[in-house]
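# What the coordinates show
The primary structure of each chain is shown beneath.
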Amino acid sequence: QVQLVESGGGLVQAGGSLRLSCVASGPNFSFYSMTWYRQAPGKQRESVAAITSSGITAYTDSVKGRFTISRDNAKKSVYLQMNSLKPEDAGVYYCHNGRVWGQGTQVVVSS
């Protein structure tokens, strides 16, 4: 019943910013920990940032200080603010609640 839909990806120059959104449908959003993953071409999908139901966050080392994950339970949404983007940040970004995946949104960073 739960579905996740990402948006906000696009083409940016290195050093720029994007804000990704993931909107959930269905019940019980506030109970889920939410995670952003990304997958670059030819590479394994990796966890980027996570936020628990109580708001505790965690980040992979490569994005610490540049990315911020947040959530708005009233809107059933989770966000990823990405600043100081680097070419190595490019890839398809996915929202995940531990069971269901979104369709992904592409991020392209030009140098």
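Preceding block: the structure.
Residues numbered from 1 in each chain as written. Predicted model: local features only at pLDDT ≥ 70, side-chain atom pairs only at ≥ 80, totals over all residues. Heavy atoms only, no water.

## Things to note about the overall build of the protein chain
From N to C terminus, the protein chain includes zero helices and 10 strands. Mapped from its N terminus to its C terminus, the protein chain presents α and β elements in the order β-β-β-β-β-β-β-β-β-β. The C-alpha atoms of the protein chain give a radius of gyration of 13 Å, which matches the 13 Å a tight globule of 111 residues would have. Its C-alpha atoms give the protein chain principal-axis dimensions of roughly 40 × 25 × 25 Å. For the protein chain, buried positions account for 38% of its 111 residues. Pairs at least 24 residues apart make up 53% of the contacts formed inside the protein chain by residues separated by at least 6 positions. Carbon and sulfur atoms make up 48% of the accessible area of the protein chain, which amounts to about 5,900 Å² in all. (Helix = DSSP H or I, 4+ residues; strand = E, 2+ residues; numbered from the N terminus. Rg over C-alpha atoms; globule rule 2.2 N^0.38 Å. Buried < 20%, exposed > 50% of the residue type's maximum accessible area, 1.4 Å probe, protein only. Contact = heavy atoms within 4.5 Å. Areas by Shrake-Rupley, 256 points an atom, 1.4 Å probe, with all protein chains shown as cover.)

## Quick word on the sheet that holds strand S3 (residues 18-25)
In spatial order, the strands read S1-S3-S8-S7; together these four strands make up an open sheet with antiparallel pairing. If you trace the sheet from one side to the other, it starts and ends with strand S1 (3-7) and strand S7 (67-72), each paired once. Strand after strand, the sheet turns through a mean of 15° between neighbouring axes, direction not considered. Inspection of the sheet shows S3 paired to strand S8 (residues 77-82) by six bridges, in the antiparallel sense. The residue bridging Leu20 from the neighbouring strand is Leu80, located in S8. (Pairing = 2+ DSSP bridges. Axes fitted to C-alpha atoms, helices over the stretch in contact; angles between N-to-C directions.)

## Quick word on the packing of aromatic side chains
Evaluation of the coordinates by the stated rule reveals two aromatic pairs. Between Tyr94 and Trp101, the aromatic rings sit 6.2 Å apart at their centres with planes inclined by 90°, giving edge-to-face as the arrangement. Residue classification places Tyr94 among the buried residues on the basis of a relative accessible area of 14%. For Trp101, a relative accessible area of 36% puts it in the partly exposed group. Aromatic ring contacts, followed pair by pair, group Tyr37, Tyr94 and Trp101 into a single cluster. The ring centre of Trp101 lies 4.6 Å from the NZ or CZ of Arg45, which sits over that ring. (Phe/Tyr/Trp six-rings, centres within 6.5 Å; stacked < 30°, edge-to-face > 60°. Lys NZ or Arg CZ within 6 Å of the ring centre and 35° of its normal.)

## Topic: the pattern of salt bridges
Once their charged atoms are close, side chains differing in charge can pair, the charge on each being opposite to the other. Applying the stated rule across the entire model yields four salt bridges. Arg66 serves as the salt-bridge partner of Asp89, at 2.7 Å between the closest nitrogen and oxygen. Taken together, the residues span a long stretch of sequence, with Asp89 in the loop between S8 and strand S9 (91-96) and Arg66 in the loop between strand S6 (57-59) and S7 at a distance of 23 residues. In this structure, Asp89 and Arg66 share a single accessibility class: buried. (Salt bridge = Lys/Arg side-chain N within 4 Å of Asp/Glu carboxyl O.)

## So, the environment of Pro41
Within the secondary structure layout, Pro41 lies in the loop between strand S4 (34-39) and strand S5 (46-51). Sequence separation between Pro41 and Ala90 is 49 residues, and the spatial gap between their C-alpha atoms is 8.8 Å.

## Comments concerning the side chain of Arg38
Position of Arg38 among the secondary structure elements: in strand S4. Residue classification places Arg38 among the buried positions, given a relative accessible area of 5%. Separated by 2.8 Å, the side chains of Arg38 and Glu46 make a polar contact. If we ignore the near neighbours within four places in the chain, the residues touching Arg38 are Gln44, Arg45, Glu46, Val48, Ser62, Val63, Phe67, Glu88, Asp89, Val92 and Tyr93. (Polar contact = N/O pair within 3.5 Å; in protein donor to acceptor, adjacent residues only side chain to side chain.)

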